[in-house]
Number of protein chains: 2
Amino acid sequence: MKLNENFLKLPGSYLFAEIDRRVSAYAAAHPDKKLIRLGIGDVTRPLAPAVVEAMHRAVDEMGKEETFRGYPPYRGYDFLVNAIAEQDYRARGVELTAEEIFVSDGAKSDCGNIGDIFGTDNVVAVCDPVYPVYVDTNAMAGRAGEYDPKTEQWGRLVYMPCVKENDFIPKVPKEKVDLIYLCFPNNPTGAAATREQLKAWVDYANANDAVILYDSAYEAFITQPEIPHTIYEIEGAKRCAIEFRSFSKTAGFTGVRCAYTVIPKELVRNGVSLNEMWYRRQSTKFNGVSYVVQRGAAAIYTPEGRRQVEETIAFYRSNAQVILSGLSRAGLEVCGGVNSPYVWARTPDGMGSWDFFDRLLTEANVVTTPGAGFGPSGEGYIRVTSFGGADATREAVERIVALLKR
Amino acid sequence: MKLNENFLKLPGSYLFAEIDRRVSAYAAAHPDKKLIRLGIGDVTRPLAPAVVEAMHRAVDEMGKEETFRGYPPYRGYDFLVNAIAEQDYRARGVELTAEEIFVSDGAKSDCGNIGDIFGTDNVVAVCDPVYPVYVDTNAMAGRAGEYDPKTEQWGRLVYMPCVKENDFIPKVPKEKVDLIYLCFPNNPTGAAATREQLKAWVDYANANDAVILYDSAYEAFITQPEIPHTIYEIEGAKRCAIEFRSFSKTAGFTGVRCAYTVIPKELVRNGVSLNEMWYRRQSTKFNGVSYVVQRGAAAIYTPEGRRQVEETIAFYRSNAQVILSGLSRAGLEVCGGVNSPYVWARTPDGMGSWDFFDRLLTEANVVTTPGAGFGPSGEGYIRVTSFGGADATREAVERIVALLKR
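These figures come from a predicted structure and were not determined experimentally. (Residues numbered from 1 in each chain as written. Chains lettered and ligands numbered in written order. Predicted model: local features only at pLDDT ≥ 70, side-chain atom pairs only at ≥ 80, totals over all residues. Heavy atoms only, no water.)

Description of the sheet that holds strand β13 (residues 334–336) of chain B
Backbone-to-backbone hydrogen bonds pair the strands of a sheet. The strands run either parallel or antiparallel. Residues and elements named next belong to chain B. Spatially, the four strands line up as an open sheet ordered β13-β14-β17-β16, and their pairing is antiparallel. Edge strands, defined here as strands with exactly one partner in the open sheet, are β13 and β16 (369–370). Taken together, the five bridges between strand β14 (residues 342–346) and strand β17 (residues 381–385) define a ladder with antiparallel strand orientation. Across the sheet, the residue bridging to V343 is V384, located in β17. (Pairing = 2+ DSSP bridges. Helix = DSSP H or I, 4+ residues; strand = E, 2+ residues; numbered from the N terminus.)

Digging into the environment of R329 of chain A
Residues and elements named next belong to chain A. The residue R329 is located in helix α10 (residues 303–329) in this model. Residue classification places R329 among the partly exposed residues on the basis of a relative accessible area of 45%. In this structure R329 touches E398, V401 and K405, once residues within four positions along its chain are discounted. (Buried < 20%, exposed > 50% of the residue type's maximum accessible area, 1.4 Å probe, protein only. Contact = heavy atoms within 4.5 Å.)

A look at the interface of chain B and chain A
Contact with chain B, which involves 80 residues of that partner, is made by 80 residues of chain A. When chain B packs against chain A, the two sides together hide about 6,600 Å² of surface, and 59% of this comes from carbon and sulfur. The three residues of chain B that bury the most area against chain A are M1, Y71 and R280 of chain B, which together make up 13% of that side's buried surface. At the boundary of chain B and chain A, one finds four salt bridges. Counting across the interface, chain B meets chain A through 35 residue pairs in polar contact (both at pLDDT 80 or more). When contributions to the side of chain B that touches chain A are tallied by element, the ones reaching two or more residues are α1 (5–8), α3 (49–62), α5 (107–113), α6 (132–140), α8 (274–285) and α9 (291–299) of chain B. Looking at which element gives the most residues to the side of chain B that touches chain A, the answer is α8 of chain B, with seven residues. (Buried area = accessible area lost by both parts, 1.4 Å probe. Salt bridge = Lys/Arg side-chain N within 4 Å of Asp/Glu carboxyl O. Polar contact = N/O pair within 3.5 Å; in protein donor to acceptor, adjacent residues only side chain to side chain.)

What about the sheet that holds strand β7 (residues 179–183) of chain A?
All names here are of chain A. Ordered by their spatial adjacency, seven strands build an open sheet running β2-β10-β9-β8-β7-β3-β6, and the pairing between neighbours is mixed. With partners counted over all chains shown, the strands left at the sheet margins are β2 (101–104) and β6 (158–161), one partner each. Going from strand to strand, the sheet's axes swing by 20 degrees on average, the running direction of each strand aside. Sitting on the sheet, helix α4 (residues 78–89) is in contact with β2, β9 (241–246) and β10 (259–262), with an inclination near 115 degrees to β2. The strands that helix α7 (residues 195–208) touches are β6, β7 and β8 (211–215); relative to β8, the one it contacts most, it runs at about 145 degrees. (Axes fitted to C-alpha atoms, helices over the stretch in contact; angles between N-to-C directions.)

Quick word on the relation of the copies chain B and chain A
Note on the identical chains: chain B maps onto chain A by a rotation of 180 degrees and an axial translation of 0.0 Å, with an RMSD of 0.0 Å. The symmetry that links the two subunits is that of a two-fold axis. Scanning chain B for the C-alpha nearest the rotation axis identifies H56 of chain B, at a separation of 3.0 Å. A shared interface surface links the copies, since 100% of the contact residues of chain B are contact residues in chain A too. (Least-squares fit on C-alpha atoms with pLDDT ≥ 70 in both.)

If you want it as structure tokens, here you go:
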């Protein structure tokens, strides 16, 4: 009996599990300290009233024989899929059919599982720093090669540094790569790609027969009108890009679990439709999303739902402003936070990011995310999220300011 | 860019998608006909009142800041995991810790995704007939070799015929296999394994360093006291077996989506804990199950919840009796239905199972599942489920009786 040996190559534990471990250990040893958590990108605002109401109605339907629903459609209910096509895409000039949208339990699941449809010998390009799921799932599938603890990189992955010098937007690589993970607005740096920057990627992918895996989970936080909300706003993207979206950060669904993935019918390789491959994958290894959850998600597209969700996003945006200005005041170099819920802050005096994480945890009792956890180029940064409460965010920022002014 | 070529080897579409296609085509051409669906194993009874109430409470909690919950724990909430450990296991003399139970969105997802932790060069044994997910997911991962349309079998899979001659319980193979999928009470045949039959498998697995993937999704339908409800009732099973459970058929959760998988800490291969590997897989490619759904699942373990769920199961059991006796009356040879919601019926006059499926669809307007869809040894059988309404089930059986008496 052979295990998947690729798992054994993975260094340490998954980033957020490791943070969890450190925070739990500290909290257990100091039960009197009031921790403020601006680390993991988890939301804190309650569900919108329109969502709550829709979920109640759906629960009642499930409790009555006449309106009970069994297995959901593999791709999602029409009432949700059509709302997505209409409001998230048609409203931006992008036409999608219902068959091009796949509702799921989370963008993390989809970003990980999408690898199932690709060969294990593809060359994968990722940003550095990067959301660890892209790297770890490819390592598990055997696409990453061997891990080098010295460089903290995998031998077969192509790393695209996103650093101050390129405004945290990667350039297209000189070599030929096959699968390209892009995430804009970016997690963790908060950088957003312009139309021109995305166009270069779409052109590269189409010229090189590559596929772009575009994670657009933070799209709702875009404020600057020139920033595209979906990669399909770029000419040619339907022939080369898969887009991942999530209700986690838009509508506070981290604990409700709903997301979707778009695979256009035009996305064909060697005569094979990637849409059909994914449908086969989902219909074989997945059984759809809870009816109650899909009803909740659909409520976001009603006029009240939209208004309520926009209020929540405005709330988090205001936190981002507090963090941006506070950390600047504390003398830290900051970016992100404008089109993104994440602020990316340089550690003081060239401090290591896990060291700065530990210092903020133990001396300011604020939980952040160490940049190094996102890859070598994240070293020297921390990520701070705007998903906390307003008072808690203000207090956390004050504590950090006070600590750094000491 | 290379696709996962294994996908391209898959013959036709997933069984239930194909049934769906035929039924939709027939329904569209004959809008006046009243179809009765006893095909796909989908339930029809509404959620238990205790579940509905618990979900309403959870929705309300999610709508208030003080009680809102974000990302669920990767393994499931303690309130659910502890109830599972206590009532599904400790009550049967099986001790499990909370870390050995992983709550998920469905047993189908888990049965498919579990392959991630195993090497692609393992030899996989499956029953024939078999729930297609085991075969198709292994084919997708490259463990099945090549598909031979003539034999309708995959070159590298070891098929264990479950036929009348062995009472539909497979014998341990003579060759060495690494991964063994067992499902009892069985889908599709309805056969249930005794303690002695399971003991032979556990002993084989421990002697051969194999892992048993034990699908126990229909456990709640067991009526005979001598039949074990979990494989861990068998001495030695914790060292070789992973067990999949589901709330789909117990509590009518096909549209709610909740299940769990048990991986004992004792299950270690080459010094590596499979429990830890699965935790790593889930924490990297999955983000837990909706809080509202987990609260609904936990309500099944309350005294009212248990009583209500038992009523529902009794309802389906009574359908199974109607089907068993009706099809016998119609002259068909039947089995299953006693410890299982499925009745496995031989087609009349050696008719092919897709032909009999089509005949029942077009002449009796009853949807069943053709046995051949579950593998070569399913040829000559159909599966009939007891998950319909009581009146619909009676009417379907009457129609079949009338058709076969013509």
